[in-house]
Amino acid sequence: MSFLSPSFFLFFPVVVTTYFLLPRQARNLWLLAASWFFYLCAGTAYFAFLLCATLLTYFGARALAARPRKLLLGILLVLLFGALFLFKYLNFAFSLAEHLFTRAGLAFSAPELNLILPIGISFYLFASAGYLIDVYRGRVPAENNFILCALFLSFFPHLLSGPIARADQFLPQLRKPHIFSAARMRSGLLRFLWGAFKKLMLADRLSILVNTVYAAPGSFGALQLIGAAIAFSVQIYCDFSAYSDMALGSAEIMGFRLMENFRTPYFSRSIGEFWRRWHISLSFWFRDYLYIPLGGNRRGTARKYFNVLLVFAVSGLWHGAALTFVVWGLLNGVYQVAGGITAPLRARIRKTVGLGANRPITILWQIFVMFCLSTSAWVFFKAASFEQALTILRGMTSAPLLVRPVLSSMGWDRAEFIVAALSFLLLLWVDVHSLKGSIRERLCTRSMWTWGLATLFLFLTIVIFGVYGTGYNPQDFIYFKF
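Rules and cut-offs
Residues numbered from 1 in each chain as written. Predicted model: local features only at pLDDT ≥ 70, side-chain atom pairs only at ≥ 80, totals over all residues. Heavy atoms only, no water. Helix = DSSP H or I, 4+ residues; strand = E, 2+ residues; numbered from the N terminus. Buried < 20%, exposed > 50% of the residue type's maximum accessible area, 1.4 Å probe, protein only. Areas by Shrake-Rupley, 256 points an atom, 1.4 Å probe, with all protein chains shown as cover. Lys, Arg positive; Asp, Glu negative; His and termini not counted. Charge placed at Lys NZ, Arg CZ, Asp CG, Glu CD. Patch = residues over 30% accessible without salt bridge, like charges linked within 9 Å, V, L, I, M, F, W, Y side chains within 5 Å. Salt bridge = Lys/Arg side-chain N within 4 Å of Asp/Glu carboxyl O. Phe/Tyr/Trp six-rings, centres within 6.5 Å; stacked < 30°, edge-to-face > 60°. Axes fitted to C-alpha atoms, helices over the stretch in contact; angles between N-to-C directions. Parallel < 35°, antiparallel > 145°, perpendicular 65-115°, else oblique. Left-handed = near helix turned anticlockwise from the far one by under 90°. Contact = heavy atoms within 4.5 Å. Nonpolar A, V, L, I, M, F, W, Y, C, P; charged D, E, K, R; others polar. pLDDT = per-residue confidence, 0-100. Expected span 1.5 Å × (residues − 1). Bend = angle between axes of the 7 residues up to and from the residue. 1 Å grid on protein atoms, 1.4 Å probe; cavity = no way out; pocket = protein on both sides within 12 Å on 5 of 7 lines; lining within 4 Å. Points joined across faces, edges and corners; volume = space filled by probe spheres on them.

Caption draft 1: Inspection of the overall build of the protein chain at higher detail. The helix and strand inventory of the protein chain stands at 19 helices and 0 strands. Expressed as lengths along the three principal axes of its C-alpha atoms, the size of the protein chain is roughly 65 × 65 × 50 Å. Residues classed as buried in the protein chain amount to 50% of the 482 residues present. Accessible area for the protein chain stands at about 22600 Å²; split by element, carbon and sulfur atoms hold 68% of it. Separation of charge centres in the protein chain, based on 43 positive and 18 negative side chains, amounts to 10 Å.

Here is the structure:
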């Protein structure tokens, strides 16, 4: 079940209405049942694995609380990440081994295993691992109530694509009474609709153009390849932040606050800042449970840069079992290392030419450079293979400027271009104004008329101009496959 499926529009009002009508003692049980039903809609085999992970987390945390042994924590983490490796990376490991043996002149044929990949597995296993580590460190107590522990992992708004839950932030909310709030309902609904707008008006529309160009990059000119790369940067932001907005909006209606996952990342002035504002729950997870335990920046500059590269390589692998994802992660790590090494030189150059660090031209230049670097890395993220990514990057500099009709050859017509352009301008306007604070909160607190007009505008725009209908797959969120 997806947030944009017809079944969800029946499921969610029933869940919310029943939740607030039930006595407080029964609400968490109801939410757990609803969340498990939500996940069961994806497949019974998937649910069996979620249930096993939940039982391991619950009993493992209680054992760690009774006797916090490093060996026990290691066994629990091996079981969790071993399962993740089995379902997500085993075929990749076999294919990599086959390639290495072939290069060495040895015969090895990798078996093709038809394993399922449980939807959302990377998200709830990382939440589970973080919780177990926190219990071992004494940062949070082990949850004795199985329903609360299960709901922490299974809460349907964050179950499939995050934000990755933190026990110290979410578990206390399950013990608090939640009273229906009309103001919270208005804010959550507006946020949900804004997410739907980004998904149906921009992400899915841009995907038509991006997929067309990436399917045959040799058939397009340099400007078209550059345009497709930029379009994917916007597409993946709209797609993933849309899901996060709908997740946070759904949770807010019921009185729960999930971690913010995006803070206008493309207005960052460096790649380091970008990763503090993009997929925040994952970035902070890697910081707290991998980068800092590796030594962080406490063991000298060389070790710090090594830790950065390692963390970003693992982050790339988290996104997918392919060389392209590893290269994408490493590129982001290299950007950060290069930025740290060249920071003093760049500061001296700015001082020499009389450019202050916070002058508008400096800020705009840094944002532009960051976007170009990020977009170049996204090429490897999107490409089907390492070779295709190199073909696209080479084509940006060596291919003719334009090949074939510009719009029709890329899957669009003039009307699609106009709708996408106007939607992008609205997105840009909202993100710019969000730098000064949440524009949604300002709309909700002014008057009912202001909120009503904004809500009606988003709803009608989505209904009239959104990308859906015959052939549309509401499950088609980019991060569902991770």
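Caption draft 2: Region of the structure containing a nonpolar patch on the surface. Taken together, F417, I418, L422, F424, L425, L428, V432 and L435 make up a surface patch of nonpolar side chains, about 710 Å² in accessible area. Given the relative accessible area of 42%, I418 is considered partly exposed.

Caption draft 3: Up close: the packing of aromatic side chains. For the structure on display, the rule yields 58 aromatic pairs. Ring geometry for F11 and F38: centres 5.8 Å apart, planes at 40 degrees, overall tilted. Here the residue F11 occupies a position in helix α1 (residues 6–21), and F38 occupies one in helix α2 (residues 24–40), the gap between them amounting to 27 residues. One exposure class covers both F11 and F38, and it is buried. Measuring from ring centre to ring centre gives 5.0 Å for W285 and Y289, while their planes differ by 55 degrees; the resulting arrangement is tilted. Taken together, the positions of W285 and Y289, both in helix α12 (residues 280–291) and 4 residues apart, correspond to about one turn of that helix.

Caption draft 4: How the structure looks around the packing of helix α9 (residues 182–215) against helix α19 (residues 448–465). At a closest axis distance of 10 Å, the pairing of α9 and α19 adopts a crossing angle of 30 degrees. Taken as axis vectors, α9 and α19 run roughly parallel relative to one another. Our pair here, α9 against α19, has a crossing hand that is left-handed. Residues R186, L189, L190, L193, W194, A196, F197, L200, M201 and R205 of α9 pack against M448, W451, A454, T455, L458, T461, I462 and F465 of α19. For the contact of α9 with α19, the residue count by class is 14 nonpolar, 2 polar and 2 charged.

Caption draft 5: Main features of the environment of R69. Here R69 is to be found in the loop between α3 (44–66) and α4 (70–103). When the C-alpha positions of R69 and Y136 are compared, they lie 7.6 Å apart, and in sequence the two are 67 residues distant. Setting aside chain neighbours within four positions, we find R69 in contact with L64 and Y136.

Caption draft 6: Examining the environment of G395 more closely. Topologically, G395 is positioned in helix α16 (residues 386–398). Judged by its relative accessible area of 9%, G395 falls in the buried class. Considered as a pair, G395 and P13 are 382 residues apart in the sequence and their alpha carbons are 49 Å apart. Residues in contact with G395, not counting those within four places in the same chain, are A222 and L225.

Caption draft 7: A look at the confidence of the model for the protein chain. In this model, the protein chain carries a mean pLDDT of 90, and residues with pLDDT of at least 70 account for 97%. For the protein chain, helix α18 (residues 439–446) is the element with the lowest average pLDDT, namely 82, and helix α6 (residues 146–154) is the one with the highest, namely 96.

Caption draft 8: Here's a closer look at α9. Between the first and last C-alpha of α9 there are 47 Å, a value that for 34 residues agrees with the 50 Å anticipated at 1.5 Å per step. Approximately 30 degrees is the largest bend angle found in α9, and it occurs at K199. Counting buried residues along α9, 25 of its 34 residues qualify, which places the element largely inside the surrounding structure.

Caption draft 9: Just empty space enclosed by the protein, in detail. Tallied over the full model, the rule gives 2 cavities of 30 Å³ or more. Reported here for the largest cavity is a volume of approximately 80 Å³. If you go around the largest cavity, the residues you meet are H158, P163, I164, A165, R166, Q169, F170, Q173, R257, L258 and M259. Looking at which element gives the most residues to the lining of the largest cavity, the answer is helix α8 (residues 167–174), with 3 residues. Residues belonging to the lining of the largest cavity are distributed by class as follows: 6 nonpolar, 3 polar and 2 charged. Of all the secondary structure elements, the ones that give two or more residues to the lining of the second largest cavity are α5 (121–137), α6 and α7 (156–159). If you tally residues by element for the lining of the second largest cavity, the top one is α5, at 3 residues. A per-class count over the lining of the second largest cavity returns 9 nonpolar, 1 polar and no charged.

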